[in-house]
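One-letter residues, chain by chain:
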Amino acid sequence: MVMFKVSRVETNPIEGQKPGTSGLRKKVKVFKQPHYLENFVQATFNALSADKVKGATIVVSGDGRYYSKDAIQIIIKMAAANGVRRVWVGQNGLLSTPAVSAVIRERVGADGSKASGAFILTASHNPGGPHEDFGIKYNMENGGPAPEGITDKIYDNTKTIKEYFIGEDLPDVDISIVGLTSFGGPEGHFDVDVFDAADDYVKLMKSIFDFESIKKLLASPKFTFCYDALHGVAGAYANRIFVEELGAQESSLINCTPKEDFGGGHPDPNLTYAKELVIRMGLNKSKPQDNPPEFGAAADGDADRNMVLGKRFFVTPSDSVAIIAANAVQAIPYFSDGLKGVARSMPTSAALDVVAKHLKLKFFEVPTGWKFFGNLMDAGMCSVCGEESFGTGSDHIREKDGIWAVLAWLSILAFKNKGNLGGEKLVTVEDIVRQHWATFGRHYYTRYDYENVDAGAAKELMAHLIKLQSDISGVNKIIKGIHSDVSDVVQADEFEYKDPVDGSISKHQGIRYLFADGSRLVFRLSGTGSEGATIRLYIEQYEKESSKIGRESQDALAPLVEVALKLSKMTEFTGRSAPTVIT
Ligand code: VG1
Ligand code: CO
């Protein structure tokens, strides 16, 4: 057996290692600086209680982006030197973010071991490659992202760090081959266990959904399907689940081979970046398609996000979670005993609120970022949750789950078409959404992103919006001057959240303007970018009247958009006449 020694390396704090909405994300060249990754990893080990490190089992893997393979070897060596007993690695270093969560919660090693946490190597929807982004985040024993208490501690540690520990003489482990490698260290054995990236996740999905009924749907000649992994890690699961398990044709998968640079694109499943899928689904007006598939979906780099499309039809993520919640009990076996509650992030539309009210479900509104849902789920208060940013999931794990969302939609389609698969016409995605609007009303919704804006300008814009909030009647005067038929602002504040489980308080979670008719404007600064600042503007308007629910979203929202842009002085502050991305 190969033996290793522990080396203590002196280091100095490096600025800017504050984890954002979902971990630390920086350009690859920043991560490659001497000690940069090592400092953050040691700061994380030091933030955990000793029993989660010494003798523990941890998972290390990610979305396969550029620099992951180097980072995995470094983390393995540091884990060994910090007294970790076992490191579990998905084959080729690949594990989707939801699969990591599933592995922490479900996987039992050959010797009965369970994982106590994970380093996930991803910058999610941000581009990858030598000149793009890398990222790292830590997930806890429940399978969810470290809560703010821990991420604050990690950040504090990065500001005082003086040393880190590494097994410098450990040889690199071949992570392309499934199997166990054992080493001997000062504190005994250290194992690296490389395992199949999909097995645990596939097993979990089969325990949640009725695969037989989805299989029948996919086998119907009237149902056509398309899945785009945008060259991210979802491809590794799509093939196993959609093709091998559910019988979809291989040709229905596009961009399903994971690539280190995501083919040079943004692995971000929205109407702007999922270009190929958008064309295939007949949603690009300048490239009309004769007969687009009935159902299409895309994932982001680490496969926790999803975009759901019907034939020539876009489902907003806010509607998607509401529709899943409304149909879950009938359509998905995992929920057959009922939902414990539902939750959404603050900027997500209130479509879910209406469903919760109707079904008399517990309902929670939390700040942006999945870590806030975890406590509710651990406490048995929430079953289904979602974010407007193409994130949907449930308490089967503690991350959002892109493939789960697709299986949920396929289950709903299978349920709505039960006994109808041989019929004239299938119930379509669009039918389901329109029926939902007819029952619950429609929340027109859009998000404007201004990416890579000057950080100072973005701060000034936010400060301007907060200042305005002290005089609501003044705000209403300004609004009336822009658009006389927009309703009045009745409340304006910064969103603050008190966690109902642990009582912790999160402040400054977005600037809100709430209108008398239920409309909302929300402004936030992104916490996942790696350069400059990204301003997000969320615009929402509720329409109950059935005669008014069929409008084009842009038309319905035009007055509110104008109000938002003028009120915030967007162009004056940022110099931008248009957003980078509209979703
Ligand atoms: C964005 C989204 C947020 C999501 C986060 C992580 O955060 O708005 O809803 O939870 O990304 O998603 P921000 O702070 O940039 O707005 V992922 O798929 O990038 O881990
Ligand atoms: Co993601």
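All figures in this text were calculated on a predicted structure; none of them were measured in a lab.

1. Looking at the sheet that holds strand E15 (residues 313–314)
Logical step 1: Sheet architecture is open: five strands sit in the order E12-E11-E13-E14-E15, paired in mixed fashion. If you trace the sheet from one side to the other, it starts and ends with strand E12 (253–254) and E15, each paired once.
Logical step 2: Here two bridges tie strand E11 (residues 225–228) to E12, and the two strands are oriented parallel to one another. Residue pairing in the sheet places aspartate 228 in a bridge with isoleucine 254 of E12.
Logical step 3: Relative to strand E13 (residues 295–299), helix H13 (residues 402–416) is tilted by about 165 degrees, and along the sheet it contacts E11, E13 and strand E14 (306–310).

2. A short note on the packing of helix H6 (residues 199–208) against helix H8 (residues 234–245)
Packed helix pairs are characterised by how far apart their axes lie and by the angle those axes make with each other.
Logical step 1: Relative orientation of the contacting elements H6 and H8 amounts to 45 degrees, with a least axis distance of 10 Å. As summarised for this structure, H6 and H8 are arranged oblique, according to the angle between their axes. Judged by the sense of rotation from one axis to the other, the crossing of H6 with H8 is right-handed. Within the contact between the two elements, H6 uses Asp199, Tyr201, Val202, Met205 and Lys206 and H8 uses Tyr237, Arg240, Ile241 and Glu245.

3. Re the packing of aromatic side chains
Logical step 1: All told, the structure shown has 21 aromatic pairs when counted by the stated rule.
Logical step 2: On the basis of an interplanar angle of 80 degrees and a centroid distance of 5.0 Å, the ring pair of phenylalanine 31 and phenylalanine 134 is categorised as edge-to-face. Residue phenylalanine 31 is found in helix H1 (residues 28–31), and its partner phenylalanine 134 is found in strand E7 (residues 133–139); the two are separated by 103 residues along the sequence. An identical accessibility class is assigned to phenylalanine 31 and phenylalanine 134; each is buried.
Logical step 3: With 4.6 Å between their ring centres and 65 degrees between their planes, tryptophan 370 and phenylalanine 373 make a pair best called edge-to-face.
Logical step 4: Overall, tryptophan 370 belongs to the buried group, its relative accessible area being 4%.

4. A look at unusual backbone geometry
Logical step 1: One non-glycine residue, histidine 35, lies in the positive phi region at around 70 degrees.
Logical step 2: Tracing the backbone through its elements, the reader meets histidine 35 in the loop between H1 and helix H2 (36–47).
Logical step 3: A relative accessible area of 28% places histidine 35 in the partly exposed class.
Logical step 4: Of note in this structure, serine 124 is not a glycine but carries a positive phi near 55 degrees.

5. As for the sheet that holds strand E17 (residues 363–366)
Logical step 1: The four strands lie next to each other as E17-E16-E18-E19, forming an open sheet whose pairing is mixed. Of all strands in the sheet, those bounded by a partner on one side alone are E17 and strand E19 (391–394). Taking each pair of neighbouring strands and ignoring which way they run, the sheet shows an average axis angle of 15 degrees.
Logical step 2: Sheet topology places strand E16 (residues 342–345) next to strand E18 (residues 384–387); three bridges connect them, and they run parallel. Within E18, the residue paired with arginine 344 across the bridge is glycine 386.
Logical step 3: Against the sheet, helix H11 (residues 351–358) contacts E16 and E17, and its axis sits at roughly 165 degrees relative to E16.

6. Brief notes about the coordination of the cobalt ion (ligand 2)
Logical step 1: All of the protein donors around the cobalt ion (ligand 2) are Ser124 (OG), Asp300 (OD), Asp302 (OD) and Asp304 (OD); their distances to the metal are 1.9 to 2.1 Å.
Logical step 2: When the donors of the cobalt ion (ligand 2) are listed by position in the chain, the intervening gaps give S-x175-D-x1-D-x1-D. Here serine 124, found in the loop between strand E6 (117–121) and E7, pairs with aspartate 302, found in the loop between E13 and E14; they are 178 residues apart in sequence, far enough to count as distant. Assigned by exposure class, serine 124 and aspartate 302 land together as buried.

7. Here we look at the side chain of glutamine 509
Logical step 1: Along the chain, the position of glutamine 509 falls in the loop between strand E23 (505–506) and strand E24 (511–515).
Logical step 2: Glutamine 509 gets classed as buried once you look at its relative accessible area, which sits at 16%.
Logical step 3: From its side chain, glutamine 509 meets the backbone oxygen of lysine 507 in a polar contact 3.1 Å long.
Logical step 4: Those residues in contact with glutamine 509, other than ones at most four positions away along the chain, are Glu148, Met346, Pro367, Phe495 and Arg524.

8. A look at the side chain of histidine 436
Logical step 1: Here histidine 436 is to be found in helix H14 (residues 429–440).
Logical step 2: Non-local contacts of histidine 436, meaning those with residues more than four positions away in its chain, are made with Ala322, Ile323, Ala326, Val355 and Gly441.

9. Section: helix H16 (residues 472–482)
In an α-helix, one turn spans 3.6 residues, which is why side chains three or four residues apart end up on the same side.
Logical step 1: Among the residues of H16, Gly474, Val475, Asn476, Ile479 and Ile482 are the ones counted as buried.
Logical step 2: Packed against the buried residues of H16 are helix H15 (455–468), strand E21 (489–494), E24 and helix H17 (553–568).

10. Focus on the pattern of salt bridges
Opposite charge on two side chains lets them pair, provided their charged atoms get close.
Logical step 1: Scanning the entire structure with this criterion turns up 38 salt bridges.
Logical step 2: Notably, a salt bridge pairs arginine 434 with glutamate 430, separated by 2.9 Å at the nearest N-O pair. In this pair, arginine 434 and glutamate 430 both sit in helix H14, four residues apart, roughly one turn of the helix.
Logical step 3: According to the relative accessible area criterion, arginine 434 is partly exposed, its value standing at 35%.
Logical step 4: Here glutamate 430 falls in the partly exposed class, since its relative accessible area comes to 26%.
Logical step 5: Each of Arg344, Asp353, Glu365, Asp493, Arg512, Arg520 and Glu540 takes part in a single network of salt bridges with overlapping partners.

The rules behind the values
- Residues numbered from 1 in each chain as written.
- Chains lettered and ligands numbered in written order.
- Predicted model: local features only at pLDDT ≥ 70, side-chain atom pairs only at ≥ 80, totals over all residues.
- Heavy atoms only, no water.
- Pairing = 2+ DSSP bridges.
- Helix = DSSP H or I, 4+ residues; strand = E, 2+ residues; numbered from the N terminus.
- Contact = heavy atoms within 4.5 Å.
- Axes fitted to C-alpha atoms, helices over the stretch in contact; angles between N-to-C directions.
- Parallel < 35°, antiparallel > 145°, perpendicular 65-115°, else oblique.
- Left-handed = near helix turned anticlockwise from the far one by under 90°.
- Phe/Tyr/Trp six-rings, centres within 6.5 Å; stacked < 30°, edge-to-face > 60°.
- Buried < 20%, exposed > 50% of the residue type's maximum accessible area, 1.4 Å probe, protein only.
- Donors = N, O, S within 2.8 Å, 3.2 Å for Na, K, Ca; no water.
- Polar contact = N/O pair within 3.5 Å; in protein donor to acceptor, adjacent residues only side chain to side chain.
- Salt bridge = Lys/Arg side-chain N within 4 Å of Asp/Glu carboxyl O.

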